[in-house]
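So you can see what is in the structure, the chains are spelled out below.
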Amino acid sequence: DVEKHRYREQIKQLLKQENAVLVAHYYTDPEIQALAEATGGCVSDSLEMARFGKEHPATTLIVAGVKFMGETAKILSPEKTVLMPTLEATCSLDVGCPVDDFSAFCDAHPDYTVVVYANTSAAVKARADWVVTSSIALEVVEHLDSLGEKIIWGPDRHLGGYIQKQTGADMLLWQGECVVHDEFKANALRQLKIQYPDAAILVHPESPASVVEMADAVGSTSQLISASQTLPNPQFIVATDKGIFYKMQQAVPGKQLIEAPTGGQGATCRSCAHCPWMAMNGLRAIADALTTTQPHNHEVFVEEALRQQALLPLTRMLNFAA
Ligand code: 13P
Ligand code: SF4
């Protein structure tokens, strides 16, 4: 519509004017992903967002996603201005892992290597030996296990449990969860699979074990998109945030994509397969971030001593992935 068109044109202009680039996650709304693509930005998973932001020559990054993604960008690129459409977009994994409690958990097990998911605050990252995203978590834990290390894993218990099962590593799990993926239900998925017997099931490992067990492919958002291009099935039942359908459908235009069922309707469904915080990233909020006279609503800051500490485990991840 007219208003959206106006915002899009304004943002394009501002990105040029401010030497800024838009970095968006696959879970943001399609109009945000399309704008990132059209303006030379990136649409990707958490790992690639971090890498892209660090390597891009722009002096300002607009990170459309959730707070930990903006913080990661700032930790990796302190010389850049990092803006977010809103600083209120958080993540249930981040919220459910306060640094004081998590530190106490780590202190109680000093002989364990601390591996945290990227979906955490800068302070939790600073307490960790390793940061991982879902696309590389399995390989990092395999590596640490082969060195005989015991692992504290936080905060996603489903992803941690999946990795533990796959690697057999000695792991202590923090009991956090993602409000989106935790809602996928195995029983309803079984029923859906009866309706679509030829469909392959693609599952993000933040989902419960009973759902992961039914998967034909398990992986990060970018790995699930790759799987859709590799598997021969005519349909895919997809258990992750529905924002991914935009890029996945582009990748496999001839295939039918079906949402995996979530638990309930209305009040009983906390998220219904779309992250409420990712949904806060609108065109208007991006335009506001680029024009604001109140940068404290949009600009990401990480205290320098904390930043340097959090940089170590993040750099370890990027070097391992390279
Ligand atoms: P990936 O894109 O790294 O798979 O992460 C998913 C996620 O939870 C982002 O919120
Ligand atoms: Fe966090 Fe889940 Fe939202 Fe990702 S989808 S930001 S893991 S709550």
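Residues numbered from 1 in each chain as written. Chains lettered and ligands numbered in written order. Predicted model: local features only at pLDDT ≥ 70, side-chain atom pairs only at ≥ 80, totals over all residues.

Per an unreviewed UniProt entry, the chain carries the name Quinolinate synthase and comes from Shewanella fodinae. According to its UniProt record, the chain has this under Function (unreviewed entry): "Catalyzes the condensation of iminoaspartate with dihydroxyacetone phosphate to form quinolinate." What UniProt records for the chain under Sequence similarities (unreviewed entry) is the sentence "Belongs to the quinolinate synthase family. Type 1 subfamily." (UniProt positions renumbered as here; feature names shortened; annotations may be inferred.)

Brief notes about the site of ligand 2
Close contacts around ligand 2 come from 14 residues, with Val66, Cys91, Cys178, Val180 and Cys275 the closest. Considered class by class, the residues forming the shell around ligand 2 number ten nonpolar, two polar and two charged. (Near = placed C-beta within 6 Å. Nonpolar A, V, L, I, M, F, W, Y, C, P; charged D, E, K, R; others polar.)

Brief notes about the sheet that holds strand β10 (residues 217–218)
Across the sheet, which stays open at both edges, the four strands sit in the order β10-β9-β11-β12 with parallel pairing between neighbours. The sheet terminates laterally at β10 and β12 (256–259), the two strands that pair on one side only. Relative to strand β11 (residues 235–239), strand β9 (residues 200–203) runs parallel, the two being bridged by four bridges. The partner of Ala200 across the bridge, within β11, is Phe236. (Pairing = 2+ DSSP bridges. Helix = DSSP H or I, 4+ residues; strand = E, 2+ residues; numbered from the N terminus.)

Some remarks on the packing of helix α8 (residues 137–146) against helix α9 (residues 157–167)
Relative orientation of the contacting elements α8 and α9 amounts to 50°, with a least axis distance of 10 Å. By the angle class used here, α8 and α9 are oblique. Crossing of α8 against α9: the hand is right-handed. Contacts between α8 and α9 involve Ala137, Leu138, Val141, Glu142 and Asp145 from the first element and Leu159, Ile163, Gln166 and Thr167 from the second. Of the residues contributing to the contact of α8 with α9, the split by class is five nonpolar, two polar and two charged. (Axes fitted to C-alpha atoms, helices over the stretch in contact; angles between N-to-C directions. Parallel < 35°, antiparallel > 145°, perpendicular 65-115°, else oblique. Left-handed = near helix turned anticlockwise from the far one by under 90°. Contact = placed C-beta atoms within 7 Å.)

Brief notes about the domain arrangement of the chain
If you check the domain split of the chain, you get domain 1 (2–88 + 278–304), domain 2 (93–173) and domain 3 (181–268). Centre-to-centre separation of domain 1 and domain 2, based on C-alpha positions: 28 Å. Counting residues at the interface gives nine residues for domain 1 and nine residues for domain 2. Where the side of domain 1 that touches domain 2 is concerned, the elements lending two or more residues are α3 (46–55) and α4 (67–76). Tallied by class, the residues present in the side of domain 1 that touches domain 2 amount to four nonpolar, two polar and three charged. (Domains from an automatic or database assignment.)

Looking at unusual backbone geometry
Here the amide bond leading from Gly154 into Pro155 is cis, since omega sits at -10°, within 30 degrees of zero. The topology assignment puts Pro155 in the loop between β7 (151–154) and α9. Of note in the backbone geometry, Asn19 takes a positive phi value of approximately 50° without being a glycine. Here Asn19 is to be found in the loop between α1 (2–17) and β1 (20–25).

Re helix α12 (residues 221–230)
Among all positions in α12, only Thr221, Ser222, Leu224, Ile225, Ala227 and Ser228 are buried. Where the residues of α12 are buried, they touch β2 (42–44), α3, β9, β10, β11 and α13 (245–251). (Buried ≥ 20, exposed ≤ 12 C-beta atoms within 10 Å, placed from the backbone.)

Comments concerning the environment of Ser135
Considering the arrangement of structural elements, one finds Ser135 in the loop between β6 (130–132) and α8. With 89 residues separating them along the chain, Ser135 and Ser46 place their C-alpha atoms 8.5 Å apart. What Ser135 contacts, discounting residues up to four positions off in sequence, is Asp45, Leu47, Gly219, Ser220, Ser222 and Gln223.

A few points about the nonpolar core
Core analysis: the largest hydrophobic core is formed by 98 residues, its most contacted members being Val23, Ile62, Val115, Val132 and Leu202. The contacts of Val115, once residues within four sequence positions are left out, are Ala128, Asp129, Trp130, Val132, Val140, Val141, Ile151, Ile152 and Trp153. (Core = buried A, V, L, I, M, F, W, Y, C linked by C-beta atoms within 7 Å.)

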